[in-house]
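# Reading the structure
Here's the letter readout for the chains.
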Amino acid sequence: RECFAVLVSGKASLLIIDDSIGIPANFALREQIFQTVPLLTPTIVICSEHNAADVECMMTMGAPIVIRKPLTLTKFLEAFDQLIQRWSQAPFTLFRSAANYFVEGHSQKAYSLLGELVRGQPHHIASAAMSLHFRHKNDLLMAENFLYKALKAGHHQMTVILPLIDLYLFSASPSKALKLIQQAMKDYRNPNLLCVDAIQAHILLNQIRESIPYITQMIENDYFVDVGRFLL
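The numbering scheme is per chain: residues are counted from 1 as the chain's sequence reads. In keeping with the model being predicted, local features are shown solely for residues with a pLDDT of at least 70 and side-chain atom pairs are shown and tallied solely at 80 or more, while totals for entire chains, interfaces and linings include all residues. With hydrogens and water excluded, all non-hydrogen atoms of the structure serve as input to the side-chain values.

## A word on the overall build of the protein chain
- Helical segments are the DSSP runs of H or I of at least four residues, strand segments are the runs of E of at least two, and each set is numbered from the N terminus. If you tally the helices and strands in the protein chain, you get 14 helices and three strands.
- In terms of C-alpha radius of gyration, the protein chain reaches 18 Å, essentially the compact-globule figure of 17 Å for 232 residues.
- If you line up the protein chain on its principal axes, its C-alpha atoms span 50 × 45 × 30 Å.
- Across the 232 residues that make up the protein chain, the buried fraction comes to 49%. Only the C-alpha atoms count toward the radius of gyration. The rule for a globule is 2.2 Å times the residue count to the power 0.38. The cut-offs for exposure are 20% and 50% of the maximum accessible area for each residue type, with area from a 1.4 Å probe on protein chains only; residues under the lower value are buried, those over the upper are exposed, and the others partly exposed.

In structure tokens:
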């Protein structure tokens, strides 16, 4: 929370996430894509071997550059060069412009810029940012619309899927959420990240037994294992 507040204040313009068992990188990335300025911030993830199974999933949560541990200076500099190259080109330069507008208090200019990026062939990051805007206004239909259009346009990145799952769980549509979760589990080879969503969806559907394999996965993979044991 403190880290994202610094980004929102404009005192920092780069996010580096150091993966650990206590705070997995995918957990931090998940929080990032639910906040507008952090979502539009260049990001480097230093991923441990412990959470390597979720790398494919993490790479579609925004547009991070992922470095695998052990970290070396060479690896970091190569990743930093990739990050600069990526964010020096459209549409990422426009994302930074939008982020700067938000920091300066010119939200309307920011949303106008993002709105241009979702017309025609939508970009998953712009779609997620516009959806957040309407989610904050409690306009769930418009929030869903931006995400669903991106999904239908072929954007199956977690930047789109996770907010859509969260929206369906929030709006008491666990069956819709579960369909997305099950497909994402197949596409990303059972990432630990989605276990909590799957558990919640099954419990909302009164499918207690069906939630147990996901709880077991959390425990076996040492992913928030205390939470998993408590749920079990």
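The discussion continues.
## So, the side chain of Thr-41
- Relative to the helices and strands, Thr-41 resides in the loop between helix 3 (36-39) and strand 2 (43-47).
- Thr-41 has contacts with Leu-7, Ser-13, Leu-14, Leu-15, Gln-32, Trp-87 and Arg-96, leaving out every residue within four places of it along the chain. Pairs of residues are marked as contacts when any of their non-hydrogen atoms sit within 4.5 Å.

## Structural notes on a nonpolar patch on the surface
- Patch definition: residues above 30% relative accessible area lacking any salt bridge, with like charges linked at up to 9 Å and the nonpolar side chains Val, Leu, Ile, Met, Phe, Trp and Tyr linked at up to 5 Å. What sets the accessible areas is the Shrake-Rupley method with a 1.4 Å probe; for residues, cover comes only from the shown protein chains. Basic side-chain nitrogens of Lys or Arg form a salt bridge, by our definition, when they fall within 4 Å of a carboxyl oxygen of Asp or Glu. A contiguous nonpolar patch, built from Leu-14, Ile-16, Phe-80 and Ile-84 and spanning about 300 Å² of accessible area, is present on the exposed surface.
- On the basis of relative accessibility, which here comes to 41%, the residue Ile-16 falls in the partly exposed class.

## Details of the pairing of strand 2
- With respect to burial, strand 2 is a largely interior element, five of its five residues being buried.
- The side-chain alternation of strand 2 yields two buried faces, one formed by Thr-43, Val-45 and Cys-47 and the other by Ile-44 and Ile-46.

## Some remarks on the layout of surface pockets
- Using only the protein atoms, space was sampled on a 1 Å grid; points where a 1.4 Å probe fits but cannot get out form cavities, open sets with protein on both sides within 12 Å along at least five of seven lines form pockets, and lining residues are those with an atom within 4 Å of a point. Grid points are joined across faces, edges and corners, and a volume is the space filled by probe spheres set on the points. Reported here for the largest pocket is a volume of approximately 330 Å³.
- Around the largest pocket, the lining is made up of 15 residues, and of these Arg-1, Phe-4, Ile-23, Ala-28 and Glu-31 lie nearest the centre.
- Residue assignment for the lining of the largest pocket shows that the elements contributing at least two residues are helix 1 (2-9), strand 1 (15-18) and helix 2 (25-32).
- When residues are sorted by character, Ala, Val, Leu, Ile, Met, Phe, Trp, Tyr, Cys and Pro go into the nonpolar class, Asp, Glu, Lys and Arg into the charged class, and all the rest, Gly among them, into the polar class. Its residues assigned to classes, the lining of the largest pocket shows 10 nonpolar, two polar and three charged.
- Here the second largest pocket defines a volume of roughly 150 Å³.
- As for the second largest pocket, its lining consists of Phe-27, Arg-30, Leu-193, Val-196, Met-218, Tyr-223, Phe-224 and Val-227.
- Looking at the lining of the second largest pocket residue by residue, the classes come out as seven nonpolar, no polar and one charged.

## Topic: the pattern of salt bridges
- What the rule picks out here adds up to five salt bridges.
- Ionic pairing is found between Lys-69 and Asp-18, a salt bridge with its closest N-O pair at 2.8 Å. Taken together, the positions of Lys-69 in the loop between strand 3 (65-68) and helix 5 (73-87) and Asp-18 in strand 1 put the pair 51 residues apart, joining distant regions of the chain.
- Asp-166 is the partner of Arg-135 in a salt bridge, and the nearest nitrogen-oxygen pair spans 3.0 Å. Of this pair, Arg-135 sits in helix 8 (residues 124-136) while Asp-166 sits in helix 10 (residues 158-170), and the two are 31 residues apart along the sequence.
- When its relative accessible area of 25% is taken as the criterion, Asp-166 is described as partly exposed.

## Side note on the nonpolar core
- Side-chain atoms within 4.5 Å are what join buried Ala, Val, Leu, Ile, Met, Phe, Trp, Tyr and Cys residues into a set we call a nonpolar core. Leu-40, Met-58, Met-61, Phe-95, Leu-114, Met-158 and Ile-165 are the most contacted members of the largest nonpolar core, which totals 73 residues.
- The element that contributes the greatest number of residues to this core is helix 10, accounting for nine residues.
- If near-sequence neighbours (up to four positions away) are discounted, Met-61 is found in contact with Asn-26, Leu-29, Arg-30, Ile-33, Met-158, Thr-159, Leu-162 and Leu-193.

## Concerning the sheet that holds strand 3
- Within the open sheet, the three strands sit side by side as 1-2-3. Their pairing is parallel. The open sheet terminates on both sides in strands that have one partner only, identified here as strand 1 and strand 3. Going from strand to strand, the sheet's axes swing by 15° on average, the running direction of each strand aside.
- With four bridges connecting them, strand 1 and strand 2 associate as parallel partners. Bridge assignment links Asp-18 to a residue of strand 2, and that residue is Ile-46.
- A fitted line through C-alpha atoms serves as each axis, taken over the contacting stretch for helices, and the angle formed by two N-to-C directions is quoted from 0 to 180°. The strands that helix 2 touches are strand 1 and strand 2; relative to strand 1, the one it contacts most, it runs at about 150°. In this analysis, strands are considered paired if DSSP registers two or more bridges between them.

## Things to note about the packing of helix 8 against helix 9 (residues 140-152)
- Close contact between helix 8 and helix 9 brings their axes to 7 Å; oriented N to C, the two are set at 170°. If you check the angle between helix 8 and helix 9, you find them roughly antiparallel. Listed contacts from helix 9 to Ser-127, Ala-128, Met-130, Ser-131, Phe-134 and Arg-135 of helix 8 are Leu-140, Met-142, Ala-143, Phe-146, Leu-147 and Ala-150.
- For the contact of helix 8 with helix 9, the class distribution of residues is nine nonpolar, two polar and one charged. Comment on the angle field: the value is read as roughly parallel under 35 degrees, roughly antiparallel over 145, roughly perpendicular from 65 to 115, and oblique elsewhere.

That is the geometry; function is a separate question.
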